[in-house]
Each structure stands twice: as structure tokens, then as C-alpha cells.
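Geometric and topological summary
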Amino acid sequence: MGIIEPKKLCQITIVVKDLERVAKNYAEMLGVEMPPIGVSSPYEESHTRFKGEPTPTVVRMCNFNMGQVVLELLETDGYPSTWKDFLDTHGQAVHNIGFMVDDREKVMKYLEGKEGTERFYGEYPGGNYTIVDTQKEFGVYFNVKYEEE
């Protein structure tokens, strides 16, 4: 068995410039109603860090449930974040794929051994997530998601 179970792939995140437009296009293409647009938690709840430094960034998001995987569309604000940095550098594109993990520390240690470095960390009720720069070895950032049982 690998370090991450294949069926724990849970998310694909695309960073976009115009969330309403892109979400409307996906909804039309998929033949579904456009999901509601949400906003991430403020720093006081999420304790977000970009490259180790606290950041007050808040993102707007729209999530399409695709079965095993959620397609997450994100629009960033002007504060430092992994998403703003990515958008400024690459434009609209797939930012990360997310995996729900049972042992966050074990996965993080493995990724560090593959030259993965933490880019962004945040918390939400019942869990946390870490965006890891794994582009060199895997071609995309990973989102390591962990939820308390």
C-alpha cells in the first residue's frame, strides 16, 4: 500500500480570475445548477500562513461535487497566498489536487523527502489543509487534507 490511498483523491482546485463567469460555464457544461459561492474563513479562524508567514487572505470559492472528487474553483483576493502567487505566475490553471489523509505527519514527511515544501497552511472546523509544492516531482501542488475523527 502506498503513502496515500488512491480513493482518497478528493479535490481538484482551479484558480480563476472571474469566479462567476467560470462557475457559470462549468454549470452549463455539466448541466447542473451553479453551486453557491462561498468565502473562506477569516484569519482568526483559519490561521492561514503563506510560506510560513501569517496572511489575512480570504478566497471566494465555488465547489462542484463530482462524486469522489470536488471540483473547486477559487478566486483570490489581493493578499499574499499560494493562489495569488500561482495566478500571477501561471494565470488561470489547475493549482492543486487534494488528498484526504489519515496520518498527516507521515504524508508530510514523505513529501519532504521528495523535495516537497509547505506553501500554505489553513484550518477549518474539524480539520486542516496544507498546500505542498510538489511540482518538481509530481507536476502539480498537493493539498494534504486532514480531518479529526
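None of the values given here were measured: they were computed from a predicted structure. (Residues numbered from 1 in each chain as written. Predicted model: local features only at pLDDT ≥ 70, side-chain atom pairs only at ≥ 80, totals over all residues. Heavy atoms only, no water.)

1. A closer look at the nonpolar core
Side chains of a nonpolar character, in soluble globular proteins, are inclined to be buried together. V15, F50, V59, M61, L74, W83, F86, L87, F120, Y129, I131 and Y141 together form the largest nonpolar core, which totals 12 residues. Among the elements that take part in this core, helix α3 (residues 82-90) stands out by supplying 3 residues, more than any other. In this view, L74 contacts T13, I14, V15, V16, L19, V59, R60, M61 and W83; residues no more than four positions away in its chain are not counted. (Core = buried A, V, L, I, M, F, W, Y, C linked by side-chain atoms within 4.5 Å. Buried < 20%, exposed > 50% of the residue type's maximum accessible area, 1.4 Å probe, protein only. Helix = DSSP H or I, 4+ residues; strand = E, 2+ residues; numbered from the N terminus. Contact = heavy atoms within 4.5 Å.)

2. Some words on the pattern of salt bridges
Inspection of every chain in the model, using the stated rule, returns 9 salt bridges. Of the charged contacts in the structure, one is a salt bridge between R119 and D85, with a shortest N-O distance of 2.7 Å. Taken together, the residues span a long stretch of sequence, with R119 in strand β8 (residues 117-124) and D85 in helix α3 at a distance of 34 residues. A relative accessible area of 6% places R119 in the buried class. By relative accessible area, which is 28% here, D85 ends up partly exposed. (Salt bridge = Lys/Arg side-chain N within 4 Å of Asp/Glu carboxyl O.)

3. Some words on the pairing of strand β9 (residues 127-133)
The element β9 is extensively covered by neighbouring structure, given that 6 of its 7 residues are classed as buried. Where β8 lies against β9, 7 bridges are found, and the strand directions are antiparallel. Within β9, the residue paired with Y121 across the bridge is T130. Remark: 2 residues form the turn of the hairpin made by β8 and β9, two consecutive strands paired antiparallel; G126 in that turn has positive phi of roughly 90°. Here β9 runs beside strand β10 (residues 141-147); their pairing, made up of 6 bridges, is antiparallel. Considered in β10, the bridge of T130 is made with V144. (Pairing = 2+ DSSP bridges.)

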